[in-house]
Amino acid sequence: MGSNSSNSSSDINKLAKWTSDSECNCDDTIKKVYLIKLNDVPMMSSGLKVQADVGRVILGVVSAGVSENFLFKGHRATHDVIEARVKCKCEGCMKNGCLAKNGKICGSNPYYTLEYTKSGSSMKIGYYSKTLYEDEEYRPTNMNLNNLKEIYNLYEEVDGRNYSLSNFNCKDWAKKVYNRIKNDY
Ligand SMILES: [Zn+2]
Ligand SMILES: [Zn+2]
């Protein structure tokens, strides 16, 4: 492992401008997941932007079919995350934060971020406001927040023991979870 692999999640939070979101306490099954995005967020300071661009060239080559495992050794410039956009369709409940009234749905609209770093996986309420590349997006037809949490639980890793820059990194994990969502919903 080279020194490029040492980015901690706090570095990413700063560089990619982590923005916390909040949500109502309405039932998860009534919160619709309407958009799933696979995003690349920065892992380098802006002074190193050129290197990030070089990283993008590498990504382009990867999508052309060249081995990602080989190309990413020592060249990881971006961090791949899944952004999930949720909208609460609750028509009224007694839970805290429920905004439904006068025939209008609650409409609470938090974003979730699912990601994998050297310290393990996480699913947090919020998003990275600085996104370098939006790789792919998918609109599930019938998925709720509870379904998303179930999928996350399948791939959750409390520590990063399986993390490997060259063989199993943030990108591999995000792609796996993204594909599972596409396949199931
Ligand atoms: Zn709600
Ligand atoms: Zn409610």
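Our subject is the structure that appears above.
Residues numbered from 1 in each chain as written. Chains lettered and ligands numbered in written order. Predicted model: local features only at pLDDT ≥ 70, side-chain atom pairs only at ≥ 80, totals over all residues.

Its location among the elements puts glycine 97 in the loop between strand 3 (78–88) and strand 4 (111–117). Of the residues examined, glycine 97 has 14 C-beta atoms within 10 Å and is grouped as partly exposed. Apart from residues no more than four positions distant in its own chain, glycine 97 is found in contact with Cys24, Asn25 and Ser108. (Helix = DSSP H or I, 4+ residues; strand = E, 2+ residues; numbered from the N terminus. Buried ≥ 20, exposed ≤ 12 C-beta atoms within 10 Å, placed from the backbone. Contact = placed C-beta atoms within 7 Å.)

Let us look at the sheet that holds strand 6 (residues 133–138). Taken in spatial order, the six strands line up as 1-5-4-3-2-6 in an open sheet, and their pairing is antiparallel. Each end of this open sheet is capped by a strand with a single partner; those strands are strand 1 (18–20) and strand 6. Here the strands of the sheet are splayed against their neighbours by 35° on average, with no regard to which way each runs. Judged from the three bridges that link them, strand 1 and strand 5 (residues 120–128) form a sheet pairing that is antiparallel. In the sheet register, tryptophan 18 faces strand 5, and the bridge partner there is tyrosine 128. Across the sheet, helix 4 (residues 145–155) is in contact with strand 2 (31–42), strand 3, strand 4 and strand 5; its angle to strand 2 comes to roughly 45°. (Pairing = 2+ DSSP bridges. Axes fitted to C-alpha atoms, helices over the stretch in contact; angles between N-to-C directions.)

Our focus in this paragraph is the pairing of strand 4. When you tally the buried positions in strand 4, you get six out of seven residues, the bulk of the element. The pairing of strand 3 with strand 4 spans four bridges and is antiparallel. Note on strand 4: the bridge partner recorded for isoleucine 82 is leucine 114. Bridge analysis of strand 4 against strand 5 gives six bridges, and the strand direction is antiparallel. When the sheet's bridge partners are listed, threonine 117 is paired in strand 5 with glycine 120. Adjacent in sequence and paired antiparallel, strand 4 and strand 5 are bridged by two residues.

In most cases, non-glycine residues show a negative phi, while peptide bonds are predominantly trans. Its identity as a non-glycine residue notwithstanding, lysine 17 has a phi of 55°, on the positive side. Tracing the sequence through the fold places lysine 17 in the loop between helix 1 (9–15) and strand 1. Here lysine 17 falls in the partly exposed class, since 14 other C-beta atoms lie within 10 Å of it. Phi angles above zero are rare outside glycine, and asparagine 102 is one such case at about 50°. Here asparagine 102 shows up in the loop between strand 3 and strand 4. Looking at asparagine 102, the number of C-beta atoms within 10 Å reads 5, which means it is exposed.

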